[in-house]
Amino acid sequence: MKRILTGLQPSGELTIGNLIGGIKQMVNYQEEYESFMFVPDLHTITVPQDPTLLKKRIKSIVALYLACGIDPKKNTIYIQSENLYHANLSWILECHTYMGEANRMTQYKDKSKKVQNVSVGLLTYPILMAADILMYDADYVPVGIDQKQHVELARDIALRFNKKYGDTFTIPEPLIPKIGAKIMKLQDPTKKMSKSDENVKNSIFLLDTEEDIRKKIMSAVTDSENKVYYDVENKPGIANLLTIYSALANISIKEVEEKFKEANYQTLKKEVADLVVSTLLGIQKKYHTYMESTLIDEILDEGKRKTNKIAKEKYEDVLKKVGLGRI
Ligand code: AQP
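Residues numbered from 1 in each chain as written. Predicted model: local features only at pLDDT ≥ 70, side-chain atom pairs only at ≥ 80, totals over all residues. Heavy atoms only, no water.

Among the 22 residues in the neighbourhood of the ligand, the closest are listed as Ser 11, Asp 146, Lys 192, Lys 195 and Ser 196. In the environment of the ligand, an oxygen atom lies 2.6 Å from a nitrogen or oxygen atom belonging to the side chain of Lys 111. Out of a free accessible area of 640 Å², the ligand has 97% covered by protein chains. Elements represented by at least two residues in the shell around the ligand include exactly helix 1 (16-29) and helix 6 (106-114). Per-element accounting of the shell around the ligand gives the leading share, 3 residues, to helix 1. Class assignment of the residues belonging to the shell around the ligand gives a composition of 6 nonpolar, 11 polar and 5 charged. (Near = heavy atom within 4 Å. Polar contact = N/O pair within 3.5 Å; in protein donor to acceptor, adjacent residues only side chain to side chain. Areas by Shrake-Rupley, 256 points an atom, 1.4 Å probe, with all protein chains shown as cover. Helix = DSSP H or I, 4+ residues; strand = E, 2+ residues; numbered from the N terminus. Nonpolar A, V, L, I, M, F, W, Y, C, P; charged D, E, K, R; others polar.)

Of all 5 residues making up strand 3 (residues 75-79), 5 are buried, and the element is well covered by its neighbours. Both faces of strand 3 are covered, namely the face carrying Asn 75, Ile 77 and Ile 79 and the face carrying Thr 76 and Tyr 78. Of the pairings in the sheet, the one linking strand 2 (residues 34-39) to strand 3 comprises 5 bridges and is parallel in character. The residue of strand 3 that forms the bridge with Met 37 is Ile 77. (Buried < 20%, exposed > 50% of the residue type's maximum accessible area, 1.4 Å probe, protein only. Pairing = 2+ DSSP bridges.)

Right, let's talk about the environment of Ile 299 for a bit. Its place among the elements puts Ile 299 in helix 13 (residues 295-322). Judged by its relative accessible area of 12%, Ile 299 falls in the buried class. Residues Ile 299 and Ile 77, 222 residues apart in the sequence, show an inter-C-alpha distance of 6.6 Å. If sequence neighbours within four positions are ignored, Ile 299 has contacts with Leu 66, Pro 72 and Ile 77. (Contact = heavy atoms within 4.5 Å.)

Along its sequence, the protein chain is carved into domain 1 (3-180 + 294-322) and domain 2 (200-288). Taken together, the 14 residues of domain 1 in the interface contact 18 residues of domain 2. Together domain 1 and domain 2 conceal approximately 1400 Å² of surface at their shared face, both sides included; 79% is due to carbon and sulfur atoms. Of all residues in domain 1, Ile 16, Ala 67 and Ile 179 bury the most surface against domain 2, accounting for 38% of the area lost on that side. In this assembly, domain 1 and domain 2 are joined by 0 salt bridges. Summed over the shared surface of domain 1 and domain 2, the result is 5 residue pairs in polar contact (both at pLDDT 80 or more). Class assignment of the residues belonging to the side of domain 1 that touches domain 2 gives a composition of 9 nonpolar, 3 polar and 2 charged. (Domains from an automatic or database assignment. Buried area = accessible area lost by both parts, 1.4 Å probe. Salt bridge = Lys/Arg side-chain N within 4 Å of Asp/Glu carboxyl O.)

Here it is as structure tokens:
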């Protein structure tokens, strides 16, 4: 059975962008593939974090995975920092990655402009991500478009390593959703919605109240034409709302366009808000039940046990091939 793997950083409250670009894909594929879903908390400290908040978000993100439909019977769910092999493999892969490759990562260029003291971790982040993926021989990595370049780097590193030392890693492929690979900010629909955005009006968070969701969508930036059709270039705000509707209703953009062809912007926004509210309130109800149960710890203990075993084998194979230690 082919393997699939993804993770979402506890770097803020998850947004509908994270749901559509990352989690929803995993939910759809979990029937078909052996699935690994983790919390990449080591990635999160590449920019400054409040330790107390970070710890809370780790548990919260697992509860959200479950509430969004990630089935613990079909997924191995685990926390990255509970497996020491990730950071160790990352070091070995760093020594097989060129500075030019790390320097040209778009996300590094964007994020390093936003923080004051840029950590070395922010530069090497994609190599840790390569370790996360290659450790488990993942065939597919479902991600939004912003992470595609990182999965491609993981491929390049794996190919280089295999060529030098013999067949060691499966070459992973990114899986990008056809609809919703890049949900945009509500107040600036030319830029990607992000969980760590300082302006909360830009993002719809999975745990937002109904009132906040409605307010944010009703005040989303659009244009002055007041005609509903899909045109990313000239009508990015409307295109974004149509995309959100299409992804959450599981219908094509064409069908959404058809549904709203007579509607004005007010009506479109109200219907998008209704759909987002009903989707998120359903998730939130389940979320609170999971947060109050002991299930999360049980799932994470099992995930830790299983992934440490797999990772140990892979890591020892790598050590042997590279000529490290005494194995
Ligand atoms: N706006 C988006 N539209 C579609 N997919 C998105 N993803 C993120 N934003 C959107 C996808 O969600 C997953 C989360 O990846 P991550 O947590 O490792 O970090 P990220 O890509 O940097 O996500 P954010 O929300 O932008 O986080 P911050 O604010 O911390 O940088 C990935 O599959 C991503 O593609």
